[in-house]
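Examination of the molecular architecture
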Amino acid sequence: MQERSTLVKNEEESFEMESVDRIIWSHKKDTGPVVVIFAGIHGNEVAGIHASRRLARSLSENTDLLNGSIYMISGNLKALREGVRYLDRDLNRLWGEVSNGALENESNDLDSPELKEADELLATLNEVVNEHRFVTQDLKFIDLHTTSAESCAFILFNDTLENRKSASYFPVPQILGIEETIHGTLLSYINDLGYPAIGFEAGKHEAKSSVDRMEAFLWLYLHHTQVYTLKLREVHYYEKMMHGDSEIEDSYYEISYHHYVDDASQFKMKEGFLNFDPVYKGDLLANEKGEPIYAPKSGLIFMPLYQSKGNDGFFILRGRSAFWLELSSKLRGSFINNYLHLLPGVEKEQDRVFTVDLKVAKFLVKEIFHLMGYRVIRKDPHTLLCYKR
Ligand SMILES: [Zn+2]
């Protein structure tokens, strides 16, 4: 434990957060895929910035070997400079409002530092997209994070077939369907623009190994997108580095429970949980406002909150079988899509959007919509809203 927690700061020489720009590094080419990397959307997660800088140093000397474009973009600059997750609002939870025009609203003078950050990020994002979109549709995005608990590396993404494909190359656990419990993430915003976007979580915030795993992930990502070709032994080397000594199975998981916290200062997770530790229904997991919080179901604990900011107390995961994944990828383009409105309690709202009346449809409806590739969110206590991703 001691060794793994070696501070990142000791390792990275001459690192000044003040010197980080919105674009950490970029290389534009007129042909080939475009890879966009976001780092530090949460200001206390600096490993992505370190890893991007390392990668940039290596790539700067080898730009003639690049078969595509790369943009490394820093996230919450003000929070990064202060070393906190965010100042006023979580920059990775407000993109739903951005989609709904929060930044264009005249009455909104962007007095939140994070709305200003979002405004700048969006301008940068649009610039990059406009730079390339008339030449190629092959733009791919990744978002780099770390966790407050000790953890192996893992990938999380909204469950689209394109995202599954992007994520499938990496030897780490994959968490599907995050968008149904966490709203307003940058990944969701980018998915909604029509581009694949996956998140990489490298491990604990301060661990040196988090920077190494991120760097390994980035090299492999460039390799699998054919932007930069690695030698086979390099692929193995980076895969080993990403995986570390983790014993968690590299399979698919989905969130089966989300414990939302409205005030993190009133929430105290029981000490000692590591990401993916098994928990059983009834286990004491945390204390909140003086009340014990027990596990409502069995599964694997995921992203337990060990910091004073954030709204996600913990998640519980369950495994997803390969059979289900295969079945769902086959069904997504199939004719069955045309008959969903015939299910009891299901009504078609508009093209690719259905509502489900839970008083009528109690059984398996959510599962069926999941299989067909729909995003399912709760509209009110009795209604689900399902829309095609
Ligand atoms: Zn984060």
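Please refer to the structure higher up on the page.
Remember, predicted model here, so these are calculated numbers, not experimental data. Along each chain, numbering runs from 1 in the same order as the chain's sequence is written. In keeping with the predicted nature of the model, local features appear solely for residues at pLDDT of at least 70, side-chain atom pairs appear and are counted solely at 80 or more, and the whole-chain, interface and lining totals rest on all residues. In computing side-chain values, all of the structure's heavy atoms are included and hydrogens and water are not.

A separate point is the pairing of strand S16 (residues 353–357). Note on exposure labels: buried denotes an accessible area under 20% of the residue type's maximum, exposed denotes more than 50%, and partly exposed covers the range between, all computed with a 1.4 Å probe on protein chains only. By definition, any uninterrupted DSSP run of H or I lasting at least four residues is a helix, any uninterrupted run of E lasting at least two residues is a strand, and each is numbered from the N terminus. Counted residue by residue, S16 has 4 buried out of 5 residues, so it is predominantly covered. For two strands to be treated as a pair, DSSP must find no fewer than two bridges joining them. Taken together, the 4 bridges between strand S15 (residues 346–350) and S16 define a ladder with antiparallel strand orientation. Across the sheet, the residue bridging to Gln350 is Val353, located in S16. Where S15 hands over to S16, the hairpin turn is made up of 2 residues, of which Arg352 adopts a positive phi near 65 degrees.

Taken in spatial order, the 11 strands make up an open sheet running S1-S3-S2-S4-S7-S5-S6-S8-S14-S13-S10, and their pairing is mixed. In the strand order of this sheet, the two ends are held by strand S1 (23–27) and strand S10 (278–279), each with one partner. Relative to strand S14 (residues 312–320), strand S13 (residues 299–302) runs antiparallel, the two being bridged by 3 bridges. Across the sheet, residue Ile301 finds its bridge partner in S14, namely Ile316.

We now examine the coordination of the zinc ion. Atoms of type N, O and S within 2.8 Å of a metal are treated as its donors, and for Na, K and Ca the window is 3.2 Å; water is not considered, so some sites may appear to be missing partners. His42 (ND1), Glu45 (OE), Glu45 (OE) and His145 (ND1) make up the full set of protein donors to the zinc ion, lying at 2.1 to 2.4 Å. Spacing between the donor residues of the zinc ion along their common chain follows H-x2-E-x99-H. For the pair shown, His42 and Glu45 are each scored as buried.

Here we take up the pairing of strand S5 (residues 154–157). For a regular strand, side chains alternate in direction, first toward one face of the sheet and then toward the other. Across the two faces of S5 the burial is the same, with Phe154 and Leu156 and Ile155 and Phe157 all buried. Of the strand pairs in this sheet, S5 and strand S7 (residues 197–204) are connected by 3 bridges, and their pairing is antiparallel. Within the sheet, the bridge partner assigned to Phe154 lies in S7 and is Glu201. Pairing analysis gives 3 bridges linking S5 to strand S6 (residues 174–176), with the strands arranged parallel. Paired with Ile155 across the two strands is Gln174, which belongs to S6. Handedness of the crossover joining S5 and S6 through helix H6 (residues 161–167): right-handed. Crossover handedness is defined here as right-handed if the route from the first strand over the helix to the second strand goes clockwise, with the strands pointing away from the viewer.

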